[in-house]
Amino acid sequence: NICSEAIDRFPDVRSLAIETVHGTFLEYLEQSDTEEIFDNDAIVQFKSCRSYKNGTVGSIRLPLSLLQSTCVLLSIWKEREDCEEDLSKKFINELSNVLMFPCDNPGSLLLETDDLEGIASARVISSGNPAVSVDEWVMLAKSRSDDIARRAALSAPSKFLPRLLLCSGLPKSSL
């Protein structure tokens, strides 16, 4: 994958991509529900996970392209052992906390289909269709980060799990 190779090879590109996506994501996260962003054709609405901000579930609206960019960034994230990247790791963890259940104790957070949270609850406003496709769930479950792969597997809607398990080749640590 060209994007993951460029991010691995050039730490400045990696930091810039993470900071840009995180900063833009936070801007939308802090907006109130009453503010209009753009036209609704490419806008997604979802509930943040309870793991974000001490159990508070809030409704978030943002462009579909930003959600897709965040999913790609999370899927290619890999912690580097040769250097400390506290800021990048912090930003990735914040994005993960908004979008996916935590790995350490998901049991109390698992909900029925009607009460989906995080990216599992993301819907395109204009059509009502899920904003995250099965292929994007597979991409997240095959993340280069074991933590993100586990979180994606725990957060995926139950209707996607059979396909996710058959197609993803999940790392052993994700199961």
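You'll find the structure just up there.
Residues numbered from 1 in each chain as written. Predicted model: local features only at pLDDT ≥ 70, side-chain atom pairs only at ≥ 80, totals over all residues. Heavy atoms only, no water.

Asks: Residues and numbers for the sheet that holds strand β1 (residues 43-47), please.
Replies: Taken in spatial order, the three strands make up an open sheet running β2-β1-β3, and their pairing is antiparallel. Each edge of the sheet is formed by a strand with only one pairing partner; in this case those strands are β2 (59-63) and β3 (123-124). Relative to β3, β1 runs antiparallel, the two sharing two bridges. Within β3, the residue paired with Q45 across the bridge is R123. The sheet contacts of helix α2 (residues 11-30) involve β1 and β2, and relative to β2 the element is tilted by about 135°. (Pairing = 2+ DSSP bridges. Helix = DSSP H or I, 4+ residues; strand = E, 2+ residues; numbered from the N terminus. Contact = heavy atoms within 4.5 Å. Axes fitted to C-alpha atoms, helices over the stretch in contact; angles between N-to-C directions.)

Asks: Describe the environment of T24, and please don't skip the residues or the numbers.
Replies: Tracing the sequence through the fold places T24 in helix α2. When its relative accessible area of 28% is taken as the criterion, T24 is described as partly exposed. Along the primary structure T24 and L66 are separated by 42 residues, whereas in three dimensions their C-alpha atoms are 8.0 Å apart. Engagement of the side chain of T24 in a polar contact is seen with the backbone oxygen of T20, the distance being 2.9 Å. (Buried < 20%, exposed > 50% of the residue type's maximum accessible area, 1.4 Å probe, protein only. Polar contact = N/O pair within 3.5 Å; in protein donor to acceptor, adjacent residues only side chain to side chain.)

Asks: Just give me the short version of the side chain of E136, but keep the residues and values in it.
Replies: Positionally, E136 belongs in helix α5 (residues 134-141). On the accessibility criterion, E136 (15% relative accessible area) is buried. In contact with E136, other than residues within four places in its own chain, are Q68 and A131.

Asks: Could you give me a rundown of the nonpolar core, with the residues and numbers involved?
Replies: With 40 residues, the main nonpolar core has F46, L67, L99, I119 and W137 as its most contacted residues. Per-element accounting of this core gives the leading share, seven residues, to helix α3 (residues 64-76). Not counting chain neighbours up to four residues away, the residues in contact with F46 comprise F25, G58, S59, I60, L62, V98, L99, G118, S121 and A122. (Core = buried A, V, L, I, M, F, W, Y, C linked by side-chain atoms within 4.5 Å.)

Asks: Which residues make up the packing of helix α1 (residues 2-9) against α2, and what are the values?
Replies: For the pair α1 and α2, the least separation of the axes is 5 Å and the interaxial angle reads 110°. Judged by the inter-axis angle, α1 sits roughly perpendicular to α2. Within the contact between the two elements, α1 uses I7, D8 and R9 and α2 uses P11, V13, R14 and A17. Classifying every residue of the contact of α1 with α2 by side-chain character gives four nonpolar, no polar and three charged. (Parallel < 35°, antiparallel > 145°, perpendicular 65-115°, else oblique. Nonpolar A, V, L, I, M, F, W, Y, C, P; charged D, E, K, R; others polar.)

Asks: Go over the packing of α3 against helix α4 (residues 86-99) with me, naming the residues and quoting the values.
Replies: Closest axis-to-axis distance for the α3/α4 pair is 11 Å, and the angle between their directions is 120°. Judged by the angle between their axes, α3 and α4 are oblique. Between α3 and α4 lies a crossing of left-handed hand. Facing L67, T70, L73 and L74 of α3, the residues of α4 in contact are I92, L95, S96 and L99. (Left-handed = near helix turned anticlockwise from the far one by under 90°.)

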